[in-house]
Each structure stands twice: as structure tokens, then as C-alpha cells.
Amino acid sequence: MLDTLGFICMIWWYMMLFHLLHADFQCMEYTQESPIINVNVDWRKMELSWESSRNFSEYKCTIMGRDVERIGIEVDSPLCSFREELQKPLHKGLFFNIEVPNTNISKRCSFLPGGMNGSAIENFSCVIYNIFLMNCTWQAGRDAPADTQYFLYWQKSRDEEKMECELYIKDENFRNMGCIFQNVSIGIEKAYFLVNGSSKDSLIQFYDEYTDLYKIEILTAPLNVTADCTRDSVGCIITWHPPLTSHVEEAKCFQYEISIQNKDEPKEEKELPCVRDDRYEFQNYNEKKRYILKIRARGKNCLVSTNWGEWSEPIEFGQGKDYFIFVILFLIALGTISITLLLYCLFKRCCSSKNIFPPIPQPRDKFNVLTDEDIQTEYVNLSTEFQTEEITAIEE
């Protein structure tokens, strides 16, 4: 009972999902009375089925679209499956054609999305990072009403159920503009993404896309990067481990780019070496120099992204120039000059020749010492000496 109820709920969910796509599936006949009737499309399995009032040994199904190459399949029963051949989006519309070879019996059906033009999302993109996390973002349609709200569904493969986003990224108007997925694993099939919308004013066009998850992954940095350098060796042996992914562990699936910069010299634009192994011999190693090493990876001949991933954390190796002795000598010279200048300033400010060499007192000359009377007499004589004597003669 529970299994039956679950199956009914799943069918109802898919019917509601594609009902929200606002698309019309219509068929028209090239002949007045065609034995091909009741055409149906299973969008989940991408299967085209129909009924026929006459028994034919062969049918030919054709599917085409604006950016879809014309795909034709010949079958011996009223069922065509485009599961492997067609992994194209539906939002641009598709056309199906069913015909019986060597007759004029055919029927053409069209899948044309509805909704307001310019209301579907734009610039949809997803990226996988940190192995298990996926971030998808988009922009609102240029002509979408202000109250439009968008919803994202995705399906890892055709055999798995569609899931709605559990953690939306919202803008300032609380409109869903992105989604964060956790515990994402990469498979060999294309993943299917569908974003539809709702508004009170009008129907909103949907957007869908098929994507290889491995192509949108940003590879993590290589692990355990080490540089083994010795004075006796001609070169320096650099080793590392492949980056972690959720679906590939073989080292042969990666290509590595190695960046080695001389720390003591200006950076120069050099062609970075690329290797397939997880080992590299740096032959231009000079033990008297200091180097900065970092490595990144990308996929090669495997289901791994061909875009370069993240750089590893820079590590340094090599002895570099011995600046210790020069630093010590410089500090000694600087200290000596500073102390000398300090002593000079103190000496100049606080000391003088008189303070350092005071005059030596002389013994008193008793013989040449003048008394107070001598000083007075000498003063009188000195005054008299400078006076002018005038004599007037009187004749009787």
C-alpha cells in the first residue's frame, strides 16, 4: 500500500513539475486520417511513444530544434527513446516527427514553452568547489515582474529523482538568485538543471540546462608538496600528491603546472613547466638562493575539468644569501656611532675647559701688596698728575 502511494506521489510530482513549465505539446497531421494517434512524451526518460491503428514493421522518429542537430532514429515499434542521443535544453522548444517509411503517413508534434517573453532567468552558471560543494547563481529576467520568484530543481542523472534547492541565496528583495548544494558527487552522466518561476501578474518562462559536472569543478590544490634538496645533489626533487576529487583518484588523470620563483631576485615572466607525474626535478637549483614553490593541477584525458585549479600554499626551500654577518656588523657600527654622538653631545652641553681645567691659585706677594694708605696716595697723585697748573704773573 505504501509503495503504491509513493509511486503515485512521484508521478504526481513530475506532472506538477512539468505542468509548471508552461509549455504546450501539440501534434498535427500531414494527412487527413493518420493511423498514428495518442502521441505522448516522457520528458524524464526522453521517450516518444504513440499508438497506431495499423501494424507497420518500421517507424522513423526525428527530433530537431533551434540549436539541436536533426536526430533520426529507426525503430520497429511505436516507441522512440532519445535518452542517449538527446541531452539538450527544452526552453528553446523542440519538434518531433513520426513517419512510416515509403508512405505518406507522418505526424509532427511540437513542444513550445509558454510564458511572458524576457521573464526567464539569465546568466545561469554553477561551480563545484571544495570537492563536495556546488554553487549555482542566476539573474532575474530583464522583463520579469517585480514579484517574480524563482525555484531551482536539479537531477544528477536520469535514474535519480529531481530535487529542489534546499538552501537558496536571496537578494535584498528576498528573491531567490542562487543555490548552495552540499554533498555533491560527480557522475558520468550530464546533470539536468531546471529553473522556473511564478508571479501573480503573468506566466514565467522556464530555463533548463544539461551540464557535465566534472567540467564545472574547481580542482583543489595538490597535497603534501615537498622539496628535497641536498648539497651533494645536482638538482632538487619536488614531490606532491594529486588533488582530492569525488570521482577520480588516479594520478595519470592530472597535469601539473609548477611555479618556482627566486625570492631574492625580481620576478621574471617565465614559461612554467608542466608535467604528468607527481615528481619533478628542479635542475637549476642553487643552494645559496631562496625559492618559493607552488603547484596547481587540471584534468588530462579523463573526466576531470581541463581548467587550472587552485594553487597550493607557497613553500620556501634553499638556504638563500647569508645576511646574518652583514646585519651584525651593521648593528655594531650603528651602535658605535650612536654612542659616540651621545657622548659628544653630553660633553659639549655639560662640560667646558674651565670646569675641566680650573686656574691654579697663586701665592700672595707680600712685598708688592699695597696698603690702604698707598692706594689713597696713589689715587691723589694720579689726580694731581692729570691737573693743569696755570701761573699768572703780576707786574707792579
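Quick caveat: nothing in here was measured; it's all calculated off a predicted structure.

Asker: Help me understand the overall build of the protein chain in this model?
Answerer: A count of helical and extended segments in the protein chain gives four helices and 23 strands. Across the 396 residues in the protein chain, those meeting the buried criterion constitute 34%. Expressed as a percentage of contacts within the protein chain between residues at least 6 apart in sequence, the contacts between residues at least 24 apart total 63%. With the model as given, the accessible surface of the protein chain reaches about 26,900 Å², and the carbon-plus-sulfur share is 53%.

Asker: Quick question: what am I supposed to make of the state of the cysteines here?
Answerer: Note on terminology: a disulfide is the covalent bond linking the sulfur atoms of two cysteines. Throughout the structure, instances matching the rule amount to five disulfides. Here Cys-126 engages in a disulfide with Cys-136; their sulfurs sit 2.0 Å apart. Judged by the sign of its S-S torsion, about 110°, the bond between Cys-126 and Cys-136 is right-handed. In this pair, Cys-126 sits in strand S9 (residues 122–129) while Cys-136 sits in strand S10 (residues 133–139), placing the two residues ten residues apart along the sequence. The class for Cys-126 is buried, based on a relative accessible area of 15%. Cys-136 gets classed as buried once you look at its relative accessible area, which sits at 0%. The disulfide partner of Cys-253 is Cys-302, and the S-S distance across this bridge is 2.1 Å. Looking along the S-S bond of the Cys-253-Cys-302 disulfide, the torsion reads about -60°, which is the left-handed sense.

Asker: What exactly am I supposed to notice about the sheet that holds strand S11 (residues 149–155) here?
Answerer: To summarise the sheet geometry, strands pair through backbone hydrogen bonds and adopt either a parallel or an antiparallel arrangement. Taken together, the four strands give an open sheet; going across it, the order is S12-S11-S15-S16, and neighbouring strands pair in antiparallel fashion. Each edge of the open sheet is held by one strand with a lone partner, namely strand S12 (163–164) and strand S16 (207–211). Direction of pairing for strand S15 (residues 191–198) relative to S16: antiparallel, over a ladder of five bridges. Opposite Leu-194, over in S16, you have Asp-208 as the bridge partner.

Asker: Just to check I follow, could you spell out the pattern of salt bridges for this structure?
Answerer: Oppositely charged side chains are able to pair whenever their charged atoms sit close together. As enumerated under the stated definition, the model contains seven salt bridges in all. Put simply, Glu-122 and Arg-142 hold a salt bridge, and the shortest N to O gap is 2.7 Å. Pair noted here: Glu-122 is in strand S9 and Arg-142 is in the loop between S10 and S11, with a separation of 20 residues, a long-range link. Residue classification places Glu-122 among the partly exposed residues on the basis of a relative accessible area of 22%. By relative accessible area, which is 66% here, Arg-142 ends up exposed. Where Glu-316 meets Lys-263, a salt bridge forms, and the shortest distance between an N and an O atom there is 3.0 Å. You can see Glu-316 sitting in strand S23 (residues 315–317) and its partner Lys-263 sitting in the loop between strand S19 (254–262) and strand S20 (274–275), a full 53 residues away along the chain. Given the relative accessible area of 40%, Glu-316 is considered partly exposed. On the basis of relative accessible area, Lys-263 is assigned to the partly exposed category, the value being 44%. One salt-bridge network, held together by shared partners, links Lys-190, Asp-212 and Lys-215.

Asker: Explain the sheet that holds strand S6 (residues 79–81) here, please?
Answerer: Taken together, three strands build an open sheet; the order of strands is S2-S3-S6 and the sheet is antiparallel. Lying at the two open borders of the sheet, with one neighbouring strand each, are strand S2 (36–42) and S6. Each neighbouring strand pair of the sheet contributes to a mean axis angle of 15°, computed without reference to strand direction.

Asker: Can you walk me through the pairing of strand S14 (residues 176–181) in this structure?
Answerer: A regular strand places its side chains so that they alternate between the two faces of the sheet. Among the six residues that make up S14, five are buried, leaving the element largely enclosed by the rest of the structure. With four bridges joining them, S10 and S14 adopt antiparallel strand pairing. Bridged to Asn-135 within S14 is Ile-180. Taking the residues between adjacent antiparallel strands as the criterion, strand S13 (residues 168–170) and S14 are bridged by five residues, where Phe-174 takes a positive phi near 60°.

Asker: Help me understand the pairing of strand S3 (residues 47–52) in this model?
Answerer: Across five bridges, the pairing between S2 and S3 is antiparallel. Bridge assignment links Asp-42 to a residue of S3, and that residue is Glu-47. Inspection of the sheet shows S3 paired to S6 by three bridges, in the antiparallel sense. Bridge pairing in S6 places Leu-48 opposite Cys-80.

Asker: What's the story with the environment of Ile-37 in this structure? I'm lost.
Answerer: With respect to the element layout, Ile-37 can be found in strand S2. Residue classification places Ile-37 among the partly exposed residues on the basis of a relative accessible area of 34%. Remark: the alpha-carbon pair of Ile-37 and Ser-52, spanning 15 residues in sequence, is separated by 6.0 Å. Those residues within four positions of Ile-37 in sequence are excluded, and the remaining contacts are Trp-50, Glu-51 and Lys-107.

Definitions and limits used
Residues numbered from 1 in each chain as written. Predicted model: local features only at pLDDT ≥ 70, side-chain atom pairs only at ≥ 80, totals over all residues. Heavy atoms only, no water. Helix = DSSP H or I, 4+ residues; strand = E, 2+ residues; numbered from the N terminus. Buried < 20%, exposed > 50% of the residue type's maximum accessible area, 1.4 Å probe, protein only. Contact = heavy atoms within 4.5 Å. Areas by Shrake-Rupley, 256 points an atom, 1.4 Å probe, with all protein chains shown as cover. Disulfide = S-S within 2.5 Å. Pairing = 2+ DSSP bridges. Salt bridge = Lys/Arg side-chain N within 4 Å of Asp/Glu carboxyl O. Axes fitted to C-alpha atoms, helices over the stretch in contact; angles between N-to-C directions.

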